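# Descriptive analysis of the structure
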Amino acid sequence: MQFDIATPTMSEQGSRRLTWAGRRMPVLATIRERFRADRPLEGRTVVACLHVTAETANLMLALRDGGANVALCASNPLSTQDDVAAALVAEGIPVFAVRGEDSDRYYEHIHAVLDMEPDITMDDGADLATILHTDRTELNPIGSTEETTTGVVRLKAMAEDGTLRLPVVAVNESATKHLFDNRYGTGQSALDGITRAANVLIAGQTLVVIGYGNCGQGVALRADGMGAKVVVVEVDPVRALAAAMDGYQVMQADDAAEAGDIFITVTGNKHVLRGRHFERMKDGAILANAGHFDVELDLEALEAMSTERRPVRQNLEEYQIADGRRLLVAAEGRLVNLGAAEGHPADVMDMSFSNQALAAEWLVARAGTLTPAIYTLPPEIDRLVATIKLESLGGGLEALTEEQVEYLTGWREGTA
Ligand SMILES: NC(=O)c1ccc[n+]([C@@H]2O[C@H](COP(=O)([O-])OP(=O)(O)OC[C@H]3O[C@@H](n4cnc5c(N)ncnc54)[C@H](O)[C@@H]3O)[C@@H](O)[C@H]2O)c1
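Computed from a predicted model, the values in this text were never measured in an experiment.

### A few points about the sheet that holds strand S9 (residues 229–233)
Ordered by their spatial adjacency, eight strands build an open sheet running S10-S9-S8-S11-S12-S15-S14-S13, and the pairing between neighbours is mixed. The sheet is open, and its two edges are formed by strand S10 (249–250) and strand S13 (306–313), each paired on a single side.

And the structure:
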């Protein structure tokens, strides 16, 4: 078996981590049990480009139990948990991922999983799908799945310009993914990343959230709960208004740059904080990104303004600006929750990865019948995932009475 990981000797530690995460993923465990019996992916090759974490490892095992040959590479050079990679290799699953790998090795790893001639590819950010549309057009998988907002944006752009040549399930569009993973997962783990990188007290700080989408709403909610003065920067008037009515101050980036102590970008956009903003920031301001790619902070501009750049803590670098101020960047401007912490807790990845497993099953069941387009999983899957998750949390679901069903589906009853 071929693989490329940091050190196979860490497998025992990784395996403990994997088991712990698995205990907090009851929905995926239910699917895995059914997969073991039904083998819906029998003989299929499923390759994934996802963050190599304990939660992803549980997804890989579920897919394998469903009959698939699986392989995994990283969707970010800084998010790999090397011990988990070793645990998967010990389980006989090929992994190509090393924390801190450079760009060449990152893409070598993508090619290594594609060399397995997959039937299904799984992406977090559409890097596999992009290579399938550029360098590896000889491969023809049944379809692909996409985990995150930015990946879906890229794939929709491919569909719009007529380039898309595969059916893709946009897992991010499922309600049980984006309303929970993006919101509660990013909300908690981005702040976890900042506190681990800088060990700062959030209470009393002015924390600027740039982008008030599903992720930004979660970050603002949690920062508010920890006592921060939350400022939101948005370009969409409806979302900016929602932020204002949620009780946050809404500002333009230039003003927020002067006010903020901590900045978190979550836009999926490029250079949302750039030279003009760095010029206005306070000495000691902390900058972090929780959006998918490391392009939200214009670090080239920051570097150009700096006389020196030095590490001050693990995952925290200080840029010495020529005018004497110091700006601190967490996790190299990459996803702070994965670069400086452990990513989302298993409890929420349970739902995201259950949707991934069911998306693979959905694609295999429809092999050869789907045209190249972006698909969303049917609402029954959201209801199934939410119902099992709610049961695991001990919540009871109310049922409609027959009279209520009749009322909701009829039109004759109105003003009494
Ligand atoms: N850190 C993680 O683990 C994690 C998890 C899920 C998603 N993501 C990523 O986070 C990013 C955001 O995801 P989302 O689901 O919240 O997306 P979203 O589309 O719901 O929200 C993004 C928001 O950013 C705003 N925006 C865009 N450009 C802006 C600018 N220049 N200034 C201010 N606001 C701007 C948009 O108007 C939008 O409201 C994506 O890149 C996504 O892939 C990260």
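### A closer look at the pairing of strand S2 (residues 45–50)
Summarising burial for S2: six of the six residues are buried, a large majority. The alternating pattern of S2 places Thr45, Val47 and Cys49 on one face and Val46, Ala48 and Leu50 on the opposite face, and all of these are buried. The pairing of S2 with strand S3 (residues 69–74) spans six bridges and is parallel. Bridge pairing in S3 links Thr45 to Asn69. The handedness of the S2 to S3 crossover, carried by helix H3 (residues 54–65), is right-handed. Inspection of the sheet shows S2 paired to strand S5 (residues 120–123) by four bridges, in the parallel sense. Across the sheet, Ala48 pairs through a bridge with Met122, a residue of S5.

### Observations regarding helix H15 (residues 346–365)
Counted at 1.5 Å a residue, the expected span for H15 with its 20 residues is 28 Å, and the 28 Å between its end C-alpha atoms agrees. In terms of residue burial, H15 counts as a mostly covered element, since 18 of its 20 residues are buried.

### Topic: the site of the ligand
As a matter of local geometry, the ligand sits amid 27 residues, with Thr148, Thr149, Thr150, Glu234 and Asn337 nearest to it. Contact between the ligand and Thr149: an oxygen atom at 2.7 Å from a side-chain N or O atom of the residue. Between a nitrogen atom of the ligand and a side-chain N or O atom of Asn269, the distance comes to 3.1 Å. Within the residue set of the shell around the ligand, elements represented by two or more residues are helix H7 (149–160), helix H8 (175–198) and helix H9 (214–225).

### Notes on the packing of aromatic side chains
Within this structure, the stated rule accounts for four aromatic pairs. Here Tyr106 and Tyr107 contribute two aromatic rings whose centre-to-centre distance is 5.1 Å and whose plane-to-plane angle is 85°, an arrangement assigned as edge-to-face. Judged by its relative accessible area of 5%, Tyr106 is buried.

### Side note on the nonpolar core
Ranked by size, the top nonpolar core spans 56 residues in total, and within it Leu59, Met60, Leu63, Leu88 and Val95 carry the most contacts. The element contributing the most residues to this core is H15, with twelve residues. If sequence neighbours within four positions are ignored, Leu63 has contacts with Leu41, Val46, Ala68, Val70, Met122, Ala357 and Ala360. Core analysis: the next-biggest nonpolar cluster, separate from the first, contains 31 residues, Leu78, Leu191, Ala197 and Val336 among them.

### Quick look at the packing of helix H1 (residues 11–23) against H3
Running from amino to carboxyl end, H1 crosses H3 at an angle of 80°, the nearest separation of the two axes being 8 Å. Classified by the interaxial angle, the pair formed by H1 and H3 is roughly perpendicular. Counting all contacts with H1, which are made through Arg17, Leu18, Ala21 and Gly22, the residues of H3 involved are Ala54, Glu55, Ala57, Asn58 and Leu61. Class assignment for the residues of the contact of H1 with H3 results in five nonpolar, two polar and two charged.

### Regarding the environment of Ser189
Examined against the element boundaries, Ser189 turns out to sit in helix H8. Accessibility expressed as a relative area gives 2% for Ser189, which makes it buried. Taking the C-alpha atoms as reference, Ser189 lies 7.6 Å from Pro345; in sequence the two are 156 residues apart. Leaving out residues up to four positions away in the same chain, Ser189 has contacts with Asn337, Ala341, Gly343 and His344. Within the local environment of Ser189, its side chain forms a polar contact with the side chain of His344, the two groups lying 3.0 Å apart.

Basis of the calculations
Residues numbered from 1 in each chain as written. Predicted model: local features only at pLDDT ≥ 70, side-chain atom pairs only at ≥ 80, totals over all residues. Heavy atoms only, no water. Pairing = 2+ DSSP bridges. Helix = DSSP H or I, 4+ residues; strand = E, 2+ residues; numbered from the N terminus. Buried < 20%, exposed > 50% of the residue type's maximum accessible area, 1.4 Å probe, protein only. Right-handed = clockwise from strand over helix to strand, strands pointing away. Expected span 1.5 Å × (residues − 1). Near = heavy atom within 4 Å. Polar contact = N/O pair within 3.5 Å; in protein donor to acceptor, adjacent residues only side chain to side chain. Phe/Tyr/Trp six-rings, centres within 6.5 Å; stacked < 30°, edge-to-face > 60°. Core = buried A, V, L, I, M, F, W, Y, C linked by side-chain atoms within 4.5 Å. Contact = heavy atoms within 4.5 Å. Axes fitted to C-alpha atoms, helices over the stretch in contact; angles between N-to-C directions. Parallel < 35°, antiparallel > 145°, perpendicular 65-115°, else oblique. Nonpolar A, V, L, I, M, F, W, Y, C, P; charged D, E, K, R; others polar.

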